[in-house]
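Letter by letter, the chains look like this.
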Amino acid sequence: MFKIAVLVSGGGTNLQSIIDAIEQKQLNAQIALVISSNHHAYALERAKKYNIETLVVSKKQYENPSNQILNATVNRHIDLIVLAGYLGILKGDLLKTYKNKIINIHPALLPKFGGPGMYGHYIHEAVISAKETESGCTVHFVNEAVDEGKIILQEKVKVLSNDTPKTLAARILLIEHKLLPKAIALLANKTNNSIQN
């Protein structure tokens, strides 16, 4: 079974989309662990509801959370680490050990509107300020440079003339919920096929 760890920081709607895809047999994978950067993330409640193991690795507790995440994922034989609204920056041995096995979903069309400081409403504010006609979301591999890893999948939405950061974010989130499980399925199928061949 293709085992994934999902890293979260907030409400966990993207985590829920992965859980739903597994439950509906659209994704042949198991969420073996949910790691949160804070104790109050509602995503932890979502995980507990489905009896998924949870772990909190916060910057307050650990100087280098990436090392704790590495230990937790290696010990559980995780195949893929999925960042689903995770606000921390991963670094060091974690990135080397899981090279091309860590993915992130970003609510913009990378390479535009990525990099340090580009997260949440800041992205959508920047898109609207730049008078962009389209935005969307991107699933990409994670490497040392923030939001610069190889793109796996992208989907676009139109930016409407009356959009606010909030309305744009809501429309993009709906696409994120479809795109993230799709990207995981692609990688799971690739891994499963290479094991069988």
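Residues numbered from 1 in each chain as written. Predicted model: local features only at pLDDT ≥ 70, side-chain atom pairs only at ≥ 80, totals over all residues. Heavy atoms only, no water.

### Looking at the pairing of strand β4 (residues 80–83)
Next up, step 1: Here β4 shows two buried faces, one formed by L80 and V82 and the other by I81 and L83.
Next up, step 2: Pairing between strand β1 (residues 3–8) and β4: four bridges, direction parallel. For L7, the partnering residue across the bridge sits in β4 and is L83.
Next up, step 3: When β4 meets strand β5 (residues 102–106), the two strands line up parallel, connected through three bridges. (Buried < 20%, exposed > 50% of the residue type's maximum accessible area, 1.4 Å probe, protein only. Helix = DSSP H or I, 4+ residues; strand = E, 2+ residues; numbered from the N terminus. Pairing = 2+ DSSP bridges.)

### Some points on the packing of helix α1 (residues 13–23) against helix α2 (residues 42–49)
Next up, step 1: It is at 9 Å that the axes of α1 and α2 come closest, and there the two elements cross at 20°. As far as their axial angle goes, α2 and α1 are roughly parallel. The two elements α1 and α2 meet at a crossing, and its hand is right-handed. Contact with α1, carried on its side by T13, L15, Q16 and I19, involves A43, R46 and A47 of α2 and no other residues of that element.
Next up, step 2: Across the contact of α1 with α2, the residue classes tally to four nonpolar, two polar and one charged. (Axes fitted to C-alpha atoms, helices over the stretch in contact; angles between N-to-C directions. Parallel < 35°, antiparallel > 145°, perpendicular 65-115°, else oblique. Left-handed = near helix turned anticlockwise from the far one by under 90°. Contact = heavy atoms within 4.5 Å. Nonpolar A, V, L, I, M, F, W, Y, C, P; charged D, E, K, R; others polar.)

### Quick look at the environment of K59
Next up, step 1: Positionally, K59 belongs in the loop between β3 (54–56) and α3 (65–75).
Next up, step 2: Along the chain, K59 and N38 lie 21 residues apart, while their C-alpha atoms are 8.6 Å from each other.

### Focus on the nonpolar core
In globular proteins that are soluble, nonpolar side chains generally tend to be buried together.
Next up, step 1: If you look at the biggest cluster of nonpolar residues, it comprises 41 residues, and the most contacted ones within it are V6 and I184.
Next up, step 2: Top contributing element to this core by residue count: helix α6 (residues 165–196), with 10 residues.
Next up, step 3: Among the nonpolar cores identified, the runner-up in size contains 19 residues, and I35, I78, L90 and Y98 belong to it. (Core = buried A, V, L, I, M, F, W, Y, C linked by side-chain atoms within 4.5 Å.)

### Things to note about the side chain of H124
Next up, step 1: With respect to the helices, strands and loops of the structure, H124 is situated in helix α5 (residues 121–129).
Next up, step 2: Residues within four places of H124 in sequence aside, it is in contact with P107, P165, L168, A169 and I172.

### What about the sheet that holds β4?
Next up, step 1: As summarised here, the arrangement of the seven strands in space is β3-β2-β1-β4-β5-β6-β7, forming an open sheet in which the pairing is mixed. A single partner strand is all that each edge strand has here, and the edge strands are β3 and β7 (151–158). Within this sheet the neighbouring strands show an average axis-to-axis angle of 20°, counted without direction.
Next up, step 2: The sheet strands contacting α2 are β1, β2 (30–36) and β3, and the helix crosses β3 at an angle near 160°.
Next up, step 3: In the packing of α3 onto the sheet, the strands contacted are β1, β2, β3 and β4, and the crossing angle to β2 comes to about 165°.

### Things to note about the side chain of H140
Next up, step 1: Mapped onto the elements of the fold, H140 is located in strand β6 (residues 134–141).
Next up, step 2: Residues contacting H140, with those up to four places away along its chain left out, are I102, I103, N104, H106, L110, D147, G149, K150, I151 and I152.

### Description of the environment of G12
Next up, step 1: For G12, the position within the fold is in the loop between β1 and α1.
Next up, step 2: Counting along the chain gives 73 residues from G12 to G85, while the straight-line C-alpha distance between them is 7.2 Å.
Next up, step 3: With near-sequence residues (within four places) excluded, G12 lies in contact with A43 and R46.

### Comments concerning the pattern of salt bridges
Next up, step 1: Applying the stated rule across the entire model yields five salt bridges.
Next up, step 2: In this structure, the salt-bridge partner of K96 is D93, at a minimum N-O distance of 3.7 Å. Residue K96 and its partner D93 are both found in helix α4 (residues 93–97); the two are separated by three residues, about one turn of the helix.
Next up, step 3: E134 serves as the salt-bridge partner of K156, at 3.5 Å between the closest nitrogen and oxygen. With K156 in strand β7 and E134 in strand β6, the pair connects residues that are 22 residues apart, well separated along the chain.
Next up, step 4: A relative accessible area of 53% places K156 in the exposed class. (Salt bridge = Lys/Arg side-chain N within 4 Å of Asp/Glu carboxyl O.)

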